[in-house]
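Examining the three-dimensional arrangement
Now for the letters of each chain:
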Amino acid sequence: MLEIEDEIAKYDSTIAVYDVTGGADMVIIAKFKTRGFLSDFVKKISAMPNVENTLTHLVLNTIKEDGFEIKRCVETQLSSDSATGVTKSVGLGIISFAE
């Protein structure tokens with residue numbers, strides 16, 4: 001199990017991996033810019049040896065995160081998942097804070 005958790009922790013979109021008790025063996029917190037990126041992530045995990053199933057929950061609204069209250073949200077659209085596309089999207093998002 002720890003080998004699978006270590007592998008999942010390597011993905012850039014992975015925020016946290018928890019080894020848990022109960023109905024699941026682990027909880028993964030990850031963030032994605034598009035549903036396509038989420039879909040790819042779930043497919044990669046599902047294809048790993050010894051992974052029997054996955055259960056996905058989506059966050060609809062973030063009220064508080066990492067001890068910081070969310071007061072303003074800037075919507076950005078990712079032009080691609082390349083380094084250039086991500087950098088461009090982040091830059092445009094930062095510029096929008098000046099507006």
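Our structure is the block above this text.
Now for a quick tour of the structure. (Residues numbered from 1 in each chain as written. Predicted model: local features only at pLDDT ≥ 70, side-chain atom pairs only at ≥ 80, totals over all residues. Heavy atoms only, no water.)

**Brief notes about the nonpolar core**
Grouped together as the largest cluster of nonpolar side chains are seven residues: Ile4, Ile8, Met26, Phe41, Ile45, Met48 and Val51. The set of elements that each furnish at least two residues to this core consists of helix 1 (2-9) and helix 2 (35-46). Excluding residues that lie within four positions of it along the chain, Ile4 makes contacts with Met26, Met48, Pro49, Asn50 and Val51. (Core = buried A, V, L, I, M, F, W, Y, C linked by side-chain atoms within 4.5 Å. Buried < 20%, exposed > 50% of the residue type's maximum accessible area, 1.4 Å probe, protein only. Helix = DSSP H or I, 4+ residues; strand = E, 2+ residues; numbered from the N terminus. Contact = heavy atoms within 4.5 Å.)

**Quick notes on the pattern of salt bridges**
One pass over the full model with this rule turns up one salt bridge. Linking Glu7 and Lys10 is a salt bridge whose minimum nitrogen-to-oxygen distance equals 3.6 Å. Judged by relative accessible area, which is 34%, Glu7 ranks as partly exposed. On the basis of relative accessibility, which here comes to 61%, the residue Lys10 falls in the exposed class. (Salt bridge = Lys/Arg side-chain N within 4 Å of Asp/Glu carboxyl O.)

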